[in-house]
Amino acid sequence: MPISVSVGPPASRFFRGFRLAGVFFGTISLLAGCGTEPAETTASKPAKEIKPAATAPASAEVAPLRVSVFLEYSGGMKGFVPRGGADKPATEFQQRIGALITETQVNGAVAERKYYLCENAAPRAVPFQQLRDVVQGEVNQAALGTELPQMLEGILAMPQATQQVSVVISDFIYGPARKSDFSQLPNLIRTSIAPVSQQQLAVAVFSETSRFYGSYFPAVKTPMQKRTLNGEKVPYYVWVIGPPAQVARFAAEVFKNAPTQQAFFGLKTSKPAFAPLLTKLTDPKLKSSGGTVYAENNGLTLNPSDDPVDFSVGLDLKELPTAWQKAAFLAQHLQVRLPNGQAALLPNSVRLLTEEEQSGQPVLAPYTHVLRLRVSKLAAPTATLSLALPAPETPDWVAAWSTTNDNTPAPRTFGLDQILAGVRQSYPTPLPPVFTVQLPLKNDR
């Protein structure tokens, strides 16, 4: 684990009172290009060789994405894609999905892309231009459609489906002919996506509403089985299925205009670059502790017996979905563990590094975020501090977007909670963490 720090002169308890004058010169090289924020208090032990600061970690080569996009084009979906014109603005579906398939087509992170229409048979491969024509409303005929479990099963049964990213676009309205199937919806979904649990794939779900024009077919059939809508908003969904790191990367780099309603299951990333920076890169107004800390043997040596010890760490979180890169999300969900000790994430300390900071200081270039940790107790001679991002459970919006009767058009989908319950049941409890990084600590006492 690389340590990015310049080490100052020997420290003693008396010396702490003068650390702002003396230690500043030991850390000034690290602060160059980092603005006017104050330096971290650092010290080195006498008569002991301290390894020099390691260079910034090299970026790991990322495998290119291979993406297949599946658009359900049934009678129930046709209302999202009316033929537009200069006097007819595009629907939200046409805007967002048009942007998504265009980004998939042109994004340099995608090495291979394929496009399919899901009709009343197996998915049919089509050129990009034909799929774009469908989204623009240039295709009149729509198929009867395939029921949700069968559509998912067919997509995941395709060659190489478990080694690539599958993007499924549909209203996910489930209206089986056999009414008894309604009660088995979670089990039917779980069966249809069996490769997800068998191959440890991830599923991301994005939800949005869009104006709808034409025949609307609800899941719950009544004597009035069809309604004609004229711009009322109803939901549609984008599911992204594939190896966890690839799903995370697609969400971060390709689906750039994703809606705010998001749910992730089984999402994991490769271990992010992570290192202590030993400089105060968080808000200068944060109260600082008085403990001392220095880099030694690819870890940190500290003594929190008199005063808590604070230090900053850098993290490269660019692989996380955009919503998960936000400081507020990370501050809420990150967990710090220190066996035989006490450590915590300081409030209001998580933030994104600016482009100026990354480009102006090479030691910060590998990281997207910085945060501030405090160790207030370390009972053992050595310990390992862990920083983890647990996977969030099914978000609250899923229940709010669910209904047991979808005859009245609204931002609700019949049995959405049951559909995603089937997805959730395909994973262990609790969900595996998105990532975990560790930092060795040594007690200097």
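Computed from a predicted model, the values in this text were never measured in an experiment.

**Examining the overall build of the chain**
Along the chain, the regular secondary structure elements total 12 helices and 19 strands. Expressed as a percentage of the 445 residues in the chain, the buried residues total 52%. Contacts spanning at least 24 positions in sequence make up 78% of the contacts within the chain whose residues lie at least 6 apart. About 19900 Å² of surface is accessible on the chain, with carbon and sulfur atoms providing 53% of the total.

**Structural notes on the pattern of salt bridges**
Using the criterion set out here, one finds 13 salt bridges in the structure. Between Arg374 and Asp310 there is a salt bridge, with the nearest N and O atoms lying 2.7 Å from each other. Taken as a pair, Arg374 in strand β15 (residues 369-378) and Asp310 in strand β11 (residues 309-315) lie far apart in primary sequence, 64 residues in all. By relative accessible area, which is 24% here, Arg374 ends up partly exposed.

**Brief notes about the sheet that holds strand β2 (residues 110-118)**
Pairing is mixed in the open sheet, where seven strands are placed in the order β3-β2-β1-β4-β6-β5-β7. Each edge of the open sheet carries a strand with a single partner, namely β3 (124-126) and β7 (261-265). Taken pair by pair, the neighbouring strands of this sheet meet at an average axis angle of 25°, ignoring direction. The pairing of strand β1 (residues 65-72) with strand β4 (residues 165-170) spans five bridges and is parallel.

**Description of helix α3 (residues 92-106)**
In a regular helix each residue adds 1.5 Å, so 15 residues correspond to 21 Å; α3 covers 21 Å between its end C-alpha atoms and thus fits that length. Among the residues of α3, those classed as buried are Glu92, Phe93, Gln94, Arg96, Ile97, Gly98, Leu100, Ile101 and Thr104.

**Quick look at the packing of helix α5 (residues 148-156) against helix α6 (residues 185-192)**
The contact between α5 and α6 brings their axes to 8 Å, and the two run at 15°. It follows from the interaxial angle that α5 and α6 lie roughly parallel. Where α5 crosses over α6, the two elements pack in a sense that is right-handed. Residues Leu148, Pro149, Leu152, Glu153 and Leu156 of α5 lie in contact with α6, whose contacting residues are Leu188, Ile189 and Ser192.

**Overview of the nonpolar core**
Formed by 106 residues in total, the largest nonpolar core has its most connected members in Val167, Val238, Trp239 and Phe250. Top contributing element to this core by residue count: strand β6 (residues 227-242), with eight residues. Residues lining this core come from more than one domain, with at least three contributed by each of domain 1 (58-267 + 392-424) and domain 2 (271-391 + 434-443). Discounting residues that sit within four places of it in the chain, Phe250 has contacts with Leu65, Val67, Leu100, Thr104, Val165, Val167, Val240 and Phe255. Of all hydrophobic cores here, the second largest spans seven residues; its members include Ala275, Leu364, Tyr367 and Val370.

**A word on the sheet that holds strand β12 (residues 335-337)**
Judged by pairing direction, the sheet is mixed, and its five strands sit side by side in the order β9-β10-β19-β16-β12 without closing on themselves. The sheet terminates laterally at β9 (293-296) and β12, the two strands that pair on one side only. Direction aside, the axes of adjacent strands within the sheet are offset by 30° on average. Sheet topology places β9 next to strand β10 (residues 299-302); four bridges connect them, and they run antiparallel. Bridged to Tyr294 within β10 is Thr301.

**Some remarks on the side chain of His369**
Here His369 lies in strand β15. The class for His369 is buried, based on a relative accessible area of 1%. Here Gln325 takes part through its backbone oxygen, which lies 2.7 Å from a polar atom of the side chain of His369. In this structure His369 touches Val313, Gly314, Leu315, Leu317, Gln325, Leu330, Arg351, Leu352 and Leu353, once residues within four positions along its chain are discounted.

**Some thoughts on the packing of α3 against helix α4 (residues 128-135)**
Taken N-terminus to C-terminus, the directions of α3 and α4 make an angle of 170°; their axes are 10 Å apart at the nearest point. With respect to α4, the axis of α3 lies roughly antiparallel. Note on element contacts: α4 touches α3 through Phe128, Leu131, Arg132 and Val135, opposite Gln94, Ile97, Gly98, Ile101, Thr102 and Gln105. By residue class, the composition of the contact of α3 with α4 is five nonpolar, four polar and one charged.

**Looking at the confidence of the model for the chain**
When the pLDDT values of the chain are averaged, the result is 82; 80% of them are 70 or greater. In this model residues 1-56 is a low-confidence stretch, pLDDT under 50, and it forms 123 contacts with partners more than four residues away in sequence or in other chains.

**Concerning unusual backbone geometry**
Cis geometry marks the peptide bond from Thr429 to Pro430, where omega comes out at -5°. For Pro430, the location among the structural elements is in the loop between α12 (416-424) and β19 (435-443). Even without being glycine, Gln160 reaches a positive phi, approximately 65°. Its place among the elements puts Gln160 in the loop between α5 and β4. Backbone geometry at Asn348 places phi at a positive 60°, although glycine is not the residue there. Its location among the elements puts Asn348 in the loop between β13 (341-345) and β14 (351-352). Judged by its relative accessible area of 69%, Asn348 falls in the exposed class.

What counts as what
Residues numbered from 1 in each chain as written. Predicted model: local features only at pLDDT ≥ 70, side-chain atom pairs only at ≥ 80, totals over all residues. Heavy atoms only, no water. Helix = DSSP H or I, 4+ residues; strand = E, 2+ residues; numbered from the N terminus. Buried < 20%, exposed > 50% of the residue type's maximum accessible area, 1.4 Å probe, protein only. Contact = heavy atoms within 4.5 Å. Areas by Shrake-Rupley, 256 points an atom, 1.4 Å probe, with all protein chains shown as cover. Salt bridge = Lys/Arg side-chain N within 4 Å of Asp/Glu carboxyl O. Pairing = 2+ DSSP bridges. Axes fitted to C-alpha atoms, helices over the stretch in contact; angles between N-to-C directions. Expected span 1.5 Å × (residues − 1). Parallel < 35°, antiparallel > 145°, perpendicular 65-115°, else oblique. Left-handed = near helix turned anticlockwise from the far one by under 90°. Core = buried A, V, L, I, M, F, W, Y, C linked by side-chain atoms within 4.5 Å. Domains from an automatic or database assignment. Polar contact = N/O pair within 3.5 Å; in protein donor to acceptor, adjacent residues only side chain to side chain. Nonpolar A, V, L, I, M, F, W, Y, C, P; charged D, E, K, R; others polar. pLDDT = per-residue confidence, 0-100.

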